[in-house]
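Per-entry structural report
Next come the chains, spelled out residue by residue.
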Number of protein chains: 2
Amino acid sequence: MTRGKAKDPDRGVRLLWGETEHDPRPGLSLVRIVRAAIELADEEGLAGLSMRKVAERLGFTTMSLYRHIPGRDQLVDLMRDEVMGERPAAPAAAGRAAGEPVPSEEPLGESGEHVADERAGRVRAEPSGGGWRARLETCAREGWELRRRHPWLAEVRGTRHIPGPNVIAHYEYMLSVVADTGLPPGEVIAVVGLIGRFVDAEALLLVEVAQAERHSGVSEQEWWGTQGSLFERLDRYPTLSRLWEAGGWDHPEDSFEFGLARLLDGVELLIQQRDETRDENALCKECGTPVDRAPSGRPRAYCSRACQQRAYRKRRSP
Amino acid sequence: MTRGKAKDPDRGVRLLWGETEHDPRPGLSLVRIVRAAIELADEEGLAGLSMRKVAERLGFTTMSLYRHIPGRDQLVDLMRDEVMGERPAAPAAAGRAAGEPVPSEEPLGESGEHVADERAGRVRAEPSGGGWRARLETCAREGWELRRRHPWLAEVRGTRHIPGPNVIAHYEYMLSVVADTGLPPGEVIAVVGLIGRFVDAEALLLVEVAQAERHSGVSEQEWWGTQGSLFERLDRYPTLSRLWEAGGWDHPEDSFEFGLARLLDGVELLIQQRDETRDENALCKECGTPVDRAPSGRPRAYCSRACQQRAYRKRRSP
DNA sequence: ACCTCACTGTTTATGGCGTACACAATGTAT
DNA sequence: ATACATTGTGTACGCCATAAACAGTGAGGT
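Let us look at the structure shown here.

The rules behind these values
Residues numbered from 1 in each chain as written. Chains lettered and ligands numbered in written order. Predicted model: local features only at pLDDT ≥ 70, side-chain atom pairs only at ≥ 80, totals over all residues. Heavy atoms only, no water. Contact = heavy atoms within 4.5 Å. Buried area = accessible area lost by both parts, 1.4 Å probe. Salt bridge = Lys/Arg side-chain N within 4 Å of Asp/Glu carboxyl O. Polar contact = N/O pair within 3.5 Å; in protein donor to acceptor, adjacent residues only side chain to side chain. Helix = DSSP H or I, 4+ residues; strand = E, 2+ residues; numbered from the N terminus. Expected span 1.5 Å × (residues − 1). Buried < 20%, exposed > 50% of the residue type's maximum accessible area, 1.4 Å probe, protein only. Near = heavy atom within 4 Å. Nonpolar A, V, L, I, M, F, W, Y, C, P; charged D, E, K, R; others polar. Least-squares fit on C-alpha atoms with pLDDT ≥ 70 in both. Axes fitted to C-alpha atoms, helices over the stretch in contact; angles between N-to-C directions. Parallel < 35°, antiparallel > 145°, perpendicular 65-115°, else oblique. Left-handed = near helix turned anticlockwise from the far one by under 90°. 1 Å grid on protein atoms, 1.4 Å probe; cavity = no way out; pocket = protein on both sides within 12 Å on 5 of 7 lines; lining within 4 Å. Points joined across faces, edges and corners; volume = space filled by probe spheres on them. Phe/Tyr/Trp six-rings, centres within 6.5 Å; stacked < 30°, edge-to-face > 60°. Lys NZ or Arg CZ within 6 Å of the ring centre and 35° of its normal.

Our focus in this paragraph is the interface of chain A and chain B. Between chain A and chain B, the contact holds 79 residues from the first and 80 residues from the second. In total, chain A and chain B occlude about 6,900 Å² of area from one another, counting both sides; carbon and sulfur atoms represent 66% of this. It is Arg160, Arg233 and Tyr237 of chain A that lose the most area in chain A upon contact with chain B, and together they represent 12% of the buried surface on that side. Counting every contact that joins chain A to chain B gives 6 salt bridges. A salt bridge links Arg197 of chain A to Glu202 of chain B; its shortest N-O distance comes to 2.3 Å. The interface formed by chain A and chain B contains 20 residue pairs in polar contact (both at pLDDT 80 or more). Sorting the residues of the side of chain A that touches chain B by element identifies α1 (11-17), α6 (165-179), α7 (185-216), α8 (220-226), α9 (228-232), α10 (238-245) and α11 (255-280) of chain A as the ones contributing at least two each. Per-element tally for the side of chain A that touches chain B: the top contributor is α7 of chain A, with 20 residues.

Take a look at the structure:
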């Protein structure tokens, strides 16, 4: 894979961000290829996605695809951005980033004001109440939901995938949610990355199970049953055996829900810590110099008795 | 991949758990193949690991490998277990699970008491002070370290890899560490899985960067620089721009350290909650019946005023 | 000594993959 | 009408895993 050279390195960007030339003519077109590829990947997974099969599904030869797309990698980028444009559940109108839904060919929703000169990807409709935690959780859940519809999304690996408008819109929104917490920039980015990678990792787990079941014809349980002689050897591991007998594997936690809760808890703790630190490093309300924090007790508002007194006098007789 | 049928489903288990037949004869052997494969994967990644190249490296034909190993998948299983047997940093002697280091051919360490009838994998030397958190963190760090030595380890995907003795020993140890916290079985397993998947996901990130750099010859920075026209389009995303200008990407957090800290914080919180719950569900100190928890305030020690009074009298005049 | 047989390595072949390259058909601009 | 850009096709290359048939080699039994 990815053996092709980049004769025109900008081609990938333009395909994703360029105005969609939706010609109703017969024959191949970018969107048709992308659509067919998504269908195929939905059915057979990303490993089952091949240029040959996409072409077959469209009734063309393999090489015809290359007249529209530089190669397989760019096709995947386009597929990713396409599905990221699907609305999560309730349809949403334009947002603050000059939005207009991007799903090509037919926006499917009622057309709002057209901006059309540049695509900016689908963005969230409104802040949609709740604190950062509820919103971040919703983001994670929508990502999870999306990956249940399009499992291959979690299989997309590699760091050099060009983000399209919809991918960026998602990213922008998540960043804005976390940025509202007042965390420093580096940590905002880290939190968003952490959550995103978590969702992907968990989704990948499910994909792998499904994939193995599909193309082996044997369910996960049955398959492990086949490896009977393995389990006999596990008796000598005390913790393993104890947990097994306690039914730990019979009633497993939902690993997505469990992990998400732990992760959000961890982030919440970080935010609390930062808040405290900020308070402790607060400036004197009177003179502006930094207040040194006390080892315990209520954080001080003034740097010295003198300032405290000055402020008191001001309050009494302004 | 994985197109071979399982004529002998137990073969995989026996290869991993069977006594190592280390024949010093010339020619091929299981261990030689596994060693060569590990070298190759260390250099070229799991995607670069092919039966052809392994055979070439050993000076045999491709098909000769199949006389010793059912297929590529099983080879990967064997490689995984092999490297899991490497000692983390300080060499460790036998543990409680009838340990003996498994790294085949030559154990490399000073031989302790031989048990030898069955392999049980390398296990930790001792509880090695510190609470669950320090120990779990050490586990994660060792996993991280191992994946830096053998990056392909993170690339091993799929749910149907048979664990060998060393893999199981690691798992057993992590389970025991978390089990010590008193969490219910399902949650113990969930925590260990969560941490494990996190380490893998983060390691995979690095692998992907390195891999892309290696076989494209262009560094990550340079490559993204090539996509210049992308960044021009990102100006209209407010949060993205703000974080960019604030230098969020210039001084990024160490995503492994950051994520691990959040994760452990989240787990710690869970454990605290469970402890409180346990206290709240504590039994009456006098009569033993469960105490119903109050919505707020100090948890009650007695189920009723009557029991509280009885206990008080006992204390006064025993 | 001879035959048998298991073990080990080789040769050949099949079907899959991404894509480079030369060629053909078609519609548009000059 | 001619030149040209666009679009689709056919062939070919090198890579992958592995199935199947074949060949050499040494051990055991007769």
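Turning our eyes to something else, we now look at helix α7 (residues 185-216) of chain B. An ideal rise of 1.5 Å per residue puts 46 Å on 32 residues; α7 of chain B measures up with 46 Å between its terminal C-alpha atoms. At the exit of α7 of chain B stands Gly217 of chain B, carrying a positive phi of roughly 75°.

As enumerated under the stated definition, the model contains 32 salt bridges over all chains in all. Salt-bridge contacts for Arg262 of chain B lead to Asp265 of chain B; the nearest nitrogen and oxygen are separated by 3.3 Å. Linking Arg262 of chain B with Asp265 of chain B, this pair stays in helix α11 (residues 255-280), spanning 3 residues, or about one helical turn. As far as the burial class goes, Arg262 of chain B and Asp265 of chain B line up, both buried. Salt bridges sharing partners connect three or more residues here, namely Arg133, Arg262, Asp265 and Glu268 of chain A.

Moving on to the protein's contact with DNA strand C. Neighbouring DNA strand C are 22 residues, the closest being Tyr66 of chain A together with Thr61, Met63, Arg67 and His68 of chain B. In the interface set of DNA strand C, defined as its atoms within 4 Å of the protein, sugar plus phosphate atoms amount to 48%. Side-chain polar atom of Arg52 of chain A to a base nitrogen of DNA strand C: 3.0 Å apart, as the coordinates give it. In this structure, a phosphate oxygen belonging to DNA strand C sits 2.6 Å away from a side-chain N or O atom of Thr61 of chain B. Tallied by class, the residues present in the surface near DNA strand C amount to 7 nonpolar, 9 polar and 6 charged.

A few words on the relation of the copies chain A and chain B. For the pair chain A and chain B, the best superposition has an RMSD of 0.3 Å and corresponds to a rotation of 180° with a translation of 0.0 Å parallel to the axis. The superposition operator between the copies reduces to a two-fold rotation axis. Across chain A, the smallest distance between a C-alpha and the rotation axis is recorded for Gly266 of chain A, namely 2.1 Å. A symmetric contact is evident, with 100% of the interface residues of chain A recurring at the interface of chain B.

Between α10 of chain A and helix α6 (residues 165-179) of chain B, the least distance of the axes is 8 Å, while the angle of their chain directions is 65°. Comparing their axes, α6 of chain B and α10 of chain A come out roughly perpendicular. Here the hand of the crossing between α10 of chain A and α6 of chain B comes out left-handed. Counted together, Pro238, Thr239, Leu240 and Leu243 of chain A of α10 of chain A and Ile168, Tyr171, Glu172, Leu175, Ser176 and Ala179 of chain B of α6 of chain B form the full contact between these two elements. Taken together, the residues that form the contact of α10 of chain A with α6 of chain B break down as 7 nonpolar, 2 polar and 1 charged.

Turning to its location among the elements, Gln227 of chain A is positioned in the loop between α8 and α9. A relative accessible area of 4% means that Gln227 of chain A is categorised as buried. Sequence-distant contacts of Gln227 of chain A, defined by excluding residues within four places in its chain, comprise Pro9, Asp10, Val13 and Ile162 of chain B.

Okay, the packing of helix α5 (residues 132-149) of chain B against α6 of chain B next. Residues and elements named next belong to chain B. At their nearest, the axes of α5 and α6 sit 9 Å apart, and the two run at 160° to each other. What the angle tells us is that α5 and α6 run roughly antiparallel. Considering how the two elements wind past one another, α5 and α6 form a crossing that is left-handed. Packed against α5, whose contacting residues are Trp132, Arg135, Leu136 and Cys139, the element α6 presents Tyr173, Met174, Val177 and Val178 at the interface.

Inspection of every chain in the model, using the stated rule, returns 5 cavities of 30 Å³ or more. When its volume is computed, the second largest cavity comes out at roughly 100 Å³. Counting residues per element, the ones that place at least two in the lining of the second largest cavity are α7 of chain A together with α7 of chain B.

It is worth spelling out the packing of aromatic side chains at this point. Inspection of every chain in the model, using the stated rule, returns 10 aromatic pairs over all chains. Ring geometry for Phe198 of chain A against Phe256 of chain A: centres 5.7 Å apart, planes inclined by 15°, an arrangement best described as stacked. One end of the pair, Phe198 of chain A, is in helix α7; the other, Phe256 of chain A, is in helix α11, and 58 residues separate them in sequence. Like Phe256 of chain A, Phe198 of chain A is buried. Measuring from ring centre to ring centre gives 4.8 Å for Trp223 of chain B and Trp224 of chain B, while their planes differ by 85°; the resulting arrangement is edge-to-face. As far as burial versus exposure is concerned, Trp223 of chain B and Trp224 of chain B are alike and both buried. Of the aromatic side chains, those joined through ring pairs into one cluster are Trp144, Phe198 and Phe256 of chain A. Above the face of the Phe258 of chain A ring, Arg262 of chain A is positioned so that its terminal group lies 4.7 Å from the ring centre.

Another point: the protein's contact with DNA strand D. Every one of the 22 residues lining DNA strand D counts as a neighbour, but Thr61, Met63, Arg67 and His68 of chain A together with Tyr66 of chain B are closest to it. Taken together, the sugar and phosphate atoms account for 49% of what DNA strand D places within 4 Å of the protein. Between DNA strand D and His68 of chain A there is a distance of 2.5 Å, counted from a phosphate oxygen to a side-chain nitrogen or oxygen. Interatomic distance of 3.1 Å between a backbone N/O atom of Met51 of chain B and a phosphate oxygen of DNA strand D. For the surface near DNA strand D, the element with the most residues is helix α3 (residues 51-58) of chain B, which contributes 3 residues. Taken together, the residues of the surface near DNA strand D sort by class into 7 nonpolar, 9 polar and 6 charged.

Functional significance is not addressed by these values, which are geometric in nature.
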